[in-house]
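# Observations on the model geometry
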Amino acid sequence: PRRGLGRQQPLIDRNDPNCPIRKQLIPRAGEMVVSEGEMLDSLGEDEHSPVSGLVHRYPDRVLFLVTDRCAAYCRYCTRSRMVGEPGGEYSFSRPQWEEALDYIAAHPEIRDVLISGGDPLTLSDERLDYLLGRLRAIRHVEFLRLGTKVPVVLPMRVTRSLTRILKKHHPLWMSLHFTHPAELTPEVTEACARLADAGIPLGSQTVLLKDIN
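Let me begin by describing the structure that accompanies this report. (Residues numbered from 1 in each chain as written. Predicted model: local features only at pLDDT ≥ 70, side-chain atom pairs only at ≥ 80, totals over all residues. Heavy atoms only, no water.)

It is worth spelling out the packing of aromatic side chains at this point. According to the stated counting rule, one finds one aromatic pair in the structure shown. Residue placement shows Arg-94 over the ring face of Tyr-130; its charged tip is 4.0 Å from the ring centre. (Phe/Tyr/Trp six-rings, centres within 6.5 Å; stacked < 30°, edge-to-face > 60°. Lys NZ or Arg CZ within 6 Å of the ring centre and 35° of its normal.)

Right under this line is the structure:
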């Protein structure tokens, strides 16, 4: 059975505009102020994108963007121009995936694939299994990494079914996004323990945020 974790209580304090969780996720008027030199593509990823959804900046590794959906829309996101935007600049679809997979297969120097988006754990178990299987079939790909905040904001997504699928495709690493101690709830702890017990090394890509951490 697809057994997940229990419902997690909301962490945002509706009455405190300075609540650190709220400030990460709820838009504020100051975001509309654009300073000189700011770019929509703040990391300059587009100029290193040989095919749609794939960033090949470093010789031996690529960033594979597989969806524009997230479980939470962080205000500090460097790809906010494209996530949650149906009909936007990217068309995330099976043909887009296949084009990116063909590119990876044709470049034997690529050893490391970081799967991101959006958040790859918002994909269904079946689609995630397919994608990881296709990447595992490319012999020169040694490392698969998933960049995700889902275990932090939607820990009930970490089902036994999901961990079985992830375990099939070892070696697999996961980079989580923790930004504040309040995110370390019992449900999140259990989700992370379930992933660790499946043999998945977990790291945290913690963004330094003024007045939050």
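Right, let's get into the packing of helix 2 (residues 94-105) against helix 3 (residues 125-136). The interhelical angle for the contact between helix 2 and helix 3, taken along N-to-C directions, is 20 degrees, at an axis separation of 11 Å. One finds that helix 2 runs roughly parallel with respect to helix 3. The two elements helix 2 and helix 3 cross, and the hand of that crossing is right-handed. Along its contact with helix 2, which presents Arg-94, Trp-97, Glu-98, Leu-101, Asp-102 and Ile-104, the element helix 3 presents Arg-127, Tyr-130, Leu-131, Arg-134 and Leu-135. Among the residues forming the contact of helix 2 with helix 3, the class breakdown is six nonpolar, no polar and five charged. (Axes fitted to C-alpha atoms, helices over the stretch in contact; angles between N-to-C directions. Helix = DSSP H or I, 4+ residues; strand = E, 2+ residues; numbered from the N terminus. Parallel < 35°, antiparallel > 145°, perpendicular 65-115°, else oblique. Left-handed = near helix turned anticlockwise from the far one by under 90°. Contact = heavy atoms within 4.5 Å. Nonpolar A, V, L, I, M, F, W, Y, C, P; charged D, E, K, R; others polar.)

This part takes up the pairing of strand 5 (residues 172-176). Most of strand 5 is tucked away, with four of its five residues classed as buried. In terms of strand pairing, strand 4 (residues 143-148) meets strand 5 through five bridges, oriented parallel. Across the sheet, residue Gly-147 finds its bridge partner in strand 5, namely Ser-175. Across three bridges, the pairing between strand 5 and strand 6 (residues 202-204) is parallel. Paired with Met-174 across the two strands is Leu-202, which belongs to strand 6. Running through helix 6 (residues 186-197), the crossover from strand 5 to the neighbouring parallel element strand 6 is right-handed. (Buried < 20%, exposed > 50% of the residue type's maximum accessible area, 1.4 Å probe, protein only. Pairing = 2+ DSSP bridges. Right-handed = clockwise from strand over helix to strand, strands pointing away.)

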